[in-house]
Structures are given as structure tokens and as C-alpha cells.
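Inside the fold
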Amino acid sequence: MAQEALQVAGFAGSLRKGSVNRLLLHAAMRLAPGGIAVTELDISAVPLFNEDEETAGPPEAAVRFKEAVAAADGLLIVTPEYNSGTTAVTKNLLDWASRRSRPGNVLTGKPVAIMSMSGGPNGIGMYARAQVRQTILFPGAVPMPRWDVGAPNGAANFDEAGNLINEALAERITQAMARFADWIRLVAPWE
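Report follows, based on the coordinates. Throughout, a residue's number is its position along its own chain's written sequence, starting from 1. Reporting of local features is limited, given that this is a predicted model, to residues whose pLDDT is at least 70; pairs of side-chain atoms are given and counted only at 80 or more, and all residues count toward the totals for whole chains, interfaces and linings. Side-chain calculation: all heavy atoms of the structure are included, whereas hydrogens and water are not.

A few points about the side chain of serine 118
Mapped onto the elements of the fold, serine 118 is located in the loop between strand E6 (111-117) and helix H5 (126-137). Not counting chain neighbours up to four residues away, the residues in contact with serine 118 comprise Gly123, Ile124, Ala151, Pro152, Asn153 and Gly154. Going along the chain from the N terminus, every DSSP run of H or I of four or more residues is numbered as a helix, and every run of E of two or more is numbered as a strand. Contact between two residues is taken to exist if any of their heavy atoms lie within 4.5 Å; hydrogens are not considered.

Comments concerning the pairing of E6
Exposure is judged per residue with a 1.4 Å probe applied to protein chains only, and the accessible area is read against the type maximum: over 50% gives exposed, under 20% gives buried, and values in between give partly exposed. Here E6 lies mainly inside the structure; seven of its seven residues are buried. Residue alternation in E6 divides its side chains into two sets, Pro111, Ala113, Met115 and Met117 and Val112, Ile114 and Ser116, and both sets are buried. Should DSSP find at least two bridges between two strands, the strands are regarded as paired. As judged from the four bridges shared by strand E3 (residues 74-78) and E6, these two strands associate in the parallel manner. Note that in E6 the partner of valine 78 across the bridge is methionine 115. Pairing geometry for E6 and strand E7 (residues 142-143), over two bridges, is parallel.

Examining the packing of aromatic side chains
Stacked, tilted and edge-to-face pairs are distinguished by plane angle, under 30 degrees for stacked and over 60 for edge-to-face with tilted covering the rest, among Phe, Tyr and Trp rings (Trp via its six-membered ring) whose centres lie within 6.5 Å. For the coordinates displayed, the defined rule picks out two aromatic pairs. Here the aromatic rings of phenylalanine 11 and phenylalanine 65 are separated by 5.9 Å at their centres, their planes lie at 70°, and the arrangement is edge-to-face. Placement of phenylalanine 11 in strand E1 (residues 6-12) and of phenylalanine 65 in helix H3 (residues 60-71) is noted, with a sequence separation of 54 residues between them. Assigned by exposure class, phenylalanine 11 and phenylalanine 65 land together as buried.

A word on the pairing of E1
By the criterion of burial, E1 is predominantly enclosed, with six of the seven residues buried. In this structure, E1 lies alongside strand E2 (residues 36-40), joined through five bridges in parallel fashion. The residue bridging leucine 6 from the neighbouring strand is isoleucine 36, located in E2. Here E1 runs beside E3; their pairing, made up of five bridges, is parallel. When the bridges of E3 are listed, glycine 10 appears paired with leucine 76.

Given below as C-alpha cells:
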């Protein structure tokens, strides 16, 4: 009997259309092995977290985001690194995801993989990935213990059409996504 494909929700913590981290997310979507399907979440309308708005009734864009994360078998977070930290966009989404408002904390027990790409030659998003990991532990997410992907040189990794041309990076992403599928299957029963 064939196993159903694992459903992974993914987002890039940037609102910029030309974000290299969004290109990295799209590469991960294409390179995910059989048995795992990654869907990019629309984060464009999720407002900044405001507890007054949450109390009055959470905004529908935040609810839709949370419901998509809740329905997924795993979550792929691709975050830029600004000033040696994660972006406000990424942190805001994680704050909404962890709140009790409808449909509740959707990070508890959720397997998570983390990736980041730097625009320059020296960065690999190490600090941003560490901050994401720290942020998701408290609400109970289950980050993959190894196999984060961090990459330098931003746009140089892609051709003009946004296709990944760095073969070594493609191999790392493919391996990470295969291991993420294994991680989801390992921790899913603990949810």
C-alpha cells in the first residue's frame, strides 16, 4: 500500500517579491523527494501581531495562515538574516502561530525544518536560524535537530528565471528535504 505524500507548509520570511529566500523556498519545493509535497503559504496579508486585534477576533489572514500550518504534517521556515537576526516578518508569523486564538497554538508538536540564504559571500543565516529555533521551542514545535540549510551568495545561486544552478546546494537541499520527511514520520506520533 502506497504511503500518502506528507504535506508541508512553507514560507519565506520576506515580503519582497525578489527575495532570494523565496527562491530558496521554491528550490526546496521542487527538490523535495517523492512522498513530500511543499505548499507555499500566502503571508502577504498577515498583519503585525496586536493582542487587541487578537482579543477582538483574530484577523482572517492570520487565521488562514494558522489553519494552513495546523493542517500540514510539517512546517518549512525559510528566513532571511538581517543584522545578525531573523526578520520581523518571520518572528511575526511565529508569534501568530503560537497564540491561543483561533485555531490555537499550531506549533505544538509540529515538525519544523529551517533554511536561510544570505545575499553576501560570508553569511549563511546562522544567527537567524538559531533565533527561529529558539523561538519555536517554547510553543512546542519540534525542529529537526540537524540538516538546517544555510547558504551564501544569494542571487548568484540562481539563473535569471529563478532556477537553482548551484549543484552542491541543490544536493544539500535534496538531502535536507529527505531527512525532513524522515523527521516528520519519526515525531508525528508524538503530536
